[in-house]
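Summary of structural features
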Amino acid sequence: MDALTRRKFLIASGVVGGAALVAGGAWTIHDILDTATWDDRPGDAKTLVLVTLYGGNDGLANVIPYADKAYAPARHELAYTPDEVLKLDDTLGLNPGLAGLKRMYDAKKLAIVRGVGYPKPDHSHFRSMDIWQTAQPDRPGNTGWLGRWLDAIGGDPRHAVSFEPVLPPLLAGVTTAGAAVPVSGLSLPAGVKPEVLTAFGKPSEGEPGLQARAARAFADLVEVDALIHSVDEADGDADTSSSSGTATGGRSDLKTQLDLVARCVEANVATRVFSVSLGGFDLHAEERNSQEILLKLLDDALTTFADRMAKTDAGRKVVVAVYSEFGRRVAANGSDGTDHGTASNMFILGSPVHGGLYGEQPSLGDLDNGDLKFTTDFRAVYATLLHNVLDADPEPILGYKDQLTGIL
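Now for a description of the structure that goes with this document. Model, not experiment: these values are computed from the prediction.

Let us now look at the pairing of strand β9 (residues 318–324). Most of β9 sits out of view: 7 of its 7 residues are buried. Here β9 shows a buried face lined by Val318, Val320, Val322 and Ser324 and a second buried face lined by Val319, Ala321 and Tyr323. Relative to β9, strand β1 (residues 47–53) runs parallel, the two sharing 7 bridges. Its bridge partner lying in β9, Leu53 is registered against Ser324. In the sheet, β9 pairs with strand β10 (residues 344–349) via 3 bridges, with the strands oriented antiparallel. Bridge pairing in β10 links Ala321 to Ile348.

As for its position among the elements, Val174 is in the loop between β6 (160–162) and β7 (179–180). Under the relative-accessibility criterion, Val174 is labelled exposed at 68%. In this structure the C-alpha to C-alpha distance between Val174 and Thr143, which are 31 residues apart in sequence, comes to 6.6 Å. Non-local contacts of Val174, meaning those with residues more than four positions away in its chain, are made with Thr143 and Asp151.

So, on to unusual backbone geometry. In this structure, Lys108 is a non-glycine residue whose phi angle is positive, near 65 degrees. Position of Lys108 relative to the elements: it lies in the loop between α5 (99–106) and β5 (110–117). We note that Glu286 has phi near 45 degrees; this positive angle belongs to a residue other than glycine. Among the secondary structure elements, Glu286 is positioned in the loop between β8 (273–278) and α11 (287–309).

The next thing to look at is the packing of helix α10 (residues 254–266) against α11. Where α10 contacts α11, the two axes come as close as 9 Å, and the packing angle between them is 15 degrees. Viewed along their axes, α10 and α11 adopt a mutual orientation that is roughly parallel. The two elements α10 and α11 meet at a crossing, and its hand is right-handed. Judged by residue contacts, Leu254, Lys255, Leu258, Asp259, Val261, Ala262, Arg263, Val265 and Glu266 of α10 engage Leu298, Asp300, Ala301, Leu302, Thr304, Phe305, Arg308 and Met309 from α11. Grouping the constituent residues of the contact of α10 with α11 by class yields 10 nonpolar, 1 polar and 6 charged.

Inspection of the entire model under this criterion finds 3 cavities of 30 Å³ or more. Here the largest cavity defines a volume of roughly 70 Å³. Along its surface, the largest cavity is lined by Gly59, Leu60, Val63, Gly115, Ala343, Ser344, Asn345, Gln361, Pro362 and Leu372. Across the lining of the largest cavity, the residue classes tally to 5 nonpolar, 5 polar and no charged. Size it by volume and the second largest cavity reaches roughly 60 Å³. Looking at the second largest cavity, the residues that line it are Leu53, Asn57, Asn62, Val322, Tyr323, Ser324, Ser344, Asn345, Met346 and Phe347. Of all the secondary structure elements, the ones that give two or more residues to the lining of the second largest cavity are β9 and β10. At 4 residues, the largest contribution of residues to the lining of the second largest cavity is made by β10.

What counts as what
- Residues numbered from 1 in each chain as written.
- Predicted model: local features only at pLDDT ≥ 70, side-chain atom pairs only at ≥ 80, totals over all residues.
- Heavy atoms only, no water.
- Buried < 20%, exposed > 50% of the residue type's maximum accessible area, 1.4 Å probe, protein only.
- Helix = DSSP H or I, 4+ residues; strand = E, 2+ residues; numbered from the N terminus.
- Pairing = 2+ DSSP bridges.
- Contact = heavy atoms within 4.5 Å.
- Axes fitted to C-alpha atoms, helices over the stretch in contact; angles between N-to-C directions.
- Parallel < 35°, antiparallel > 145°, perpendicular 65-115°, else oblique.
- Left-handed = near helix turned anticlockwise from the far one by under 90°.
- Nonpolar A, V, L, I, M, F, W, Y, C, P; charged D, E, K, R; others polar.
- 1 Å grid on protein atoms, 1.4 Å probe; cavity = no way out; pocket = protein on both sides within 12 Å on 5 of 7 lines; lining within 4 Å.
- Points joined across faces, edges and corners; volume = space filled by probe spheres on them.

Written out as structure tokens, the structure reads:
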């Protein structure tokens, strides 16, 4: 089949970026796995996996201050009793949906950073996410913090990979940008039978390079589609329909994204950073059940990935960092949900991590107009990841040098 036929098929299938794939302007999973075509990584190099939770993850429903006398009166129906939480100590506990992360915490492989935020916080999803992705809270930024890291190291865009339809701002630098590898299922046009799929991915002998790349791109999409369906079946088609989060970005297939990351890590690719996401956390109404469903999905995806990574040398050099653009307000609203807040928690996990509690727990009795006051600047976490995972000097990248000592 010629390149034009493949191009028409990709566009008719509704594949995001299909035309770009045929034109050679986007990356595929095989481009990442093909380590022979680009620079190798240092043998002792670590890998960062950044997990973005879109919508504003409620930190007080993740790490629960169950013993604080102000907690239950503020949260009303959203509050968890001491018997319901997975206790970390005499004052704090994890949400019951985070049983796997509790196991990792007990094994000293999960660090919980509390009170993470920045001065003069913004309650807008889009401005707040811009701040977190650019690491420039004082002014609007036009480069991502990991994009500036890419600028500093130079070289191939595949050193930082996002499994998103478009590249997130955090991987965009001035002179370099990361690689976006779209991951989605295929929707076949009317009249096209599944058995023709294999033919689209087979290049013809002697065909021009552009046509051969079209075949390779399509074969990649078919393989990823099969992977998505296999993961969905293994998950038992988990029901997320009760989540009432608004459309603020992110994906629902975190486990699939992390499975692709695992394949890359196990292939010893030179990629140093992977970006993945989970959406749905903007829960203004009926939060408790929806939040717990989302946290179970997050927990299963993270711990399945961490357990897999612990089995190989390359995997034991992986560090996962989980963040959201903001937490929620302390008091529940009138719809059994919470509104946009400020400081929240970050989770850092993996074999290199020295687990435990980091940062100061924000006070529920000393609020800023109903919001938690941040106690840990998020740039201190980023600086720690840059220095201890990516072997980079954080100050020229962030304009910030303080780090969280002992976490890695």
